[in-house]
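Listed here are the chains, written in short residue letters.
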Amino acid sequence: MNQIDATQLATHSAHFRALLSATPRGARLARLLAVEWMRTREELPNGVTEAAAQLVAELAANAATHGRVAGRSFRLVLLVREDALRIEVTDTRADALPRRMPPSPCADSGRGLLLVEALADRWGVGLDAAPQKTVWAELDLPRP
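So, here's what we can say about the structure.

Cut-off values and rules
- Residues numbered from 1 in each chain as written.
- Predicted model: local features only at pLDDT ≥ 70, side-chain atom pairs only at ≥ 80, totals over all residues.
- Heavy atoms only, no water.
- Helix = DSSP H or I, 4+ residues; strand = E, 2+ residues; numbered from the N terminus.
- Buried < 20%, exposed > 50% of the residue type's maximum accessible area, 1.4 Å probe, protein only.
- Contact = heavy atoms within 4.5 Å.
- Areas by Shrake-Rupley, 256 points an atom, 1.4 Å probe, with all protein chains shown as cover.
- Polar contact = N/O pair within 3.5 Å; in protein donor to acceptor, adjacent residues only side chain to side chain.
- Phe/Tyr/Trp six-rings, centres within 6.5 Å; stacked < 30°, edge-to-face > 60°.
- Expected span 1.5 Å × (residues − 1).
- Arc of directions from axis to C-beta.
- Axes fitted to C-alpha atoms, helices over the stretch in contact; angles between N-to-C directions.
- Parallel < 35°, antiparallel > 145°, perpendicular 65-115°, else oblique.
- Left-handed = near helix turned anticlockwise from the far one by under 90°.
- Nonpolar A, V, L, I, M, F, W, Y, C, P; charged D, E, K, R; others polar.

### Some words on the overall build of the chain
Here is step 1: Counting its regular elements, the chain contains four helices and six strands.
Here is step 2: Start at the N end of the chain and walk to the C end: the helices and strands fall as β-α-β-α-α-β-β-α-β-β.
Here is step 3: Counting only residues that meet the buried cut, the chain has 40% of its 144 residues in that class.
Here is step 4: Contacts in the chain between residues at least 24 apart in sequence constitute 63% of all its contacts with a sequence separation of at least 6.
Here is step 5: Summed over all atoms, the accessible surface of the chain reaches about 8,100 Å², with 53% contributed by carbon and sulfur.

### Some points on the side chain of Arg41
Here is step 1: Tracing the sequence through the fold places Arg41 in the loop between helix H2 (24–39) and helix H3 (46–65).
Here is step 2: A polar contact is formed between the side chain of Arg41 and the side chain of Glu43, at a distance of 2.3 Å.

### Here we look at the packing of aromatic side chains
Here is step 1: Summed over the entire model, instances satisfying the criterion amount to one aromatic pair.
Here is step 2: Their ring planes at 40 degrees and their centres at 6.2 Å tell us that Phe16 and Trp37 sit as a pair that is tilted. Here the residue Phe16 occupies a position in strand S2 (residues 15–21), and Trp37 occupies one in helix H2, the gap between them amounting to 21 residues. We note that Phe16, like Trp37, is buried.

### Some points on H2
Here is step 1: The end-to-end C-alpha separation of H2 is 23 Å, in line with the 22 Å expected for 16 residues at 1.5 Å each.
Here is step 2: Among the residues of H2, Gly26, Ala27, Ala30, Leu33, Ala34, Trp37 and Met38 are the ones counted as buried. The buried residues of H2 occupy an angular sector of 125 degrees when projected down its axis, which confines them to one face. Exposed positions of H2 whose direction lies more than 90 degrees from the buried face are Pro24, Arg25, Arg28, Leu32 and Arg39.

### A closer look at the packing of H2 against H3
Here is step 1: Running from N to C, H2 and H3 cross one another at 155 degrees; their axes reach a closest spacing of 8 Å. Overall, the two elements H2 and H3 adopt an arrangement that is roughly antiparallel. As H2 packs across H3, the resulting crossing turns out to be right-handed. Where H2 approaches H3, its residues Pro24, Ala27, Ala30, Arg31, Ala34, Val35 and Met38 are matched on the opposing element by Thr49, Ala52, Ala53, Gln54, Val56, Ala57, Ala60, Ala61 and Ala64.
Here is step 2: For the contact of H2 with H3, the residue count by class is 13 nonpolar, two polar and one charged.

Dropping the structure here:
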C-alpha cells in the first residue's frame, strides 16, 4: 500500500515524505513522485534534479530488492536544506547493510552503489529503531 500526502506535491514544502510498497512498482513510483515534487522546487537546478532522480531510483530499487520484508513498506524522504538536497530511503532490513562490491563484467546488477558514489556528494547508512535502516545521499546545491 502506498501512502502519499498529495498536498506535498501541490505545495511548496521544503520536504517530501511517502510510504511506498517494497516492490518494483513502489520503487518506480518513488522516482516519479520525487521528480514531480522536485519540479516544483525553484532552488533545485536541472542537474541536481536529474542526479537526484537517479539516486532515488537506485535507493528505492535497493529497498524494494534487498530491503524487502513481506508486508512492510519503505519510506522515501526528500529534504531541501540551505546547502544540499538530502534523499533518505528507510527500509526494514537493518541486517542487510549496503556494501559496494566489484561488479562482475557479465552481471546484470551489482553496480548500484557505484552509481550512488558517482552521483552523490555524500552518502551513508544509519541504523534506526530496530529493524530499520536508512540509506541517505546528499547533493550539494549551488550557492547563490
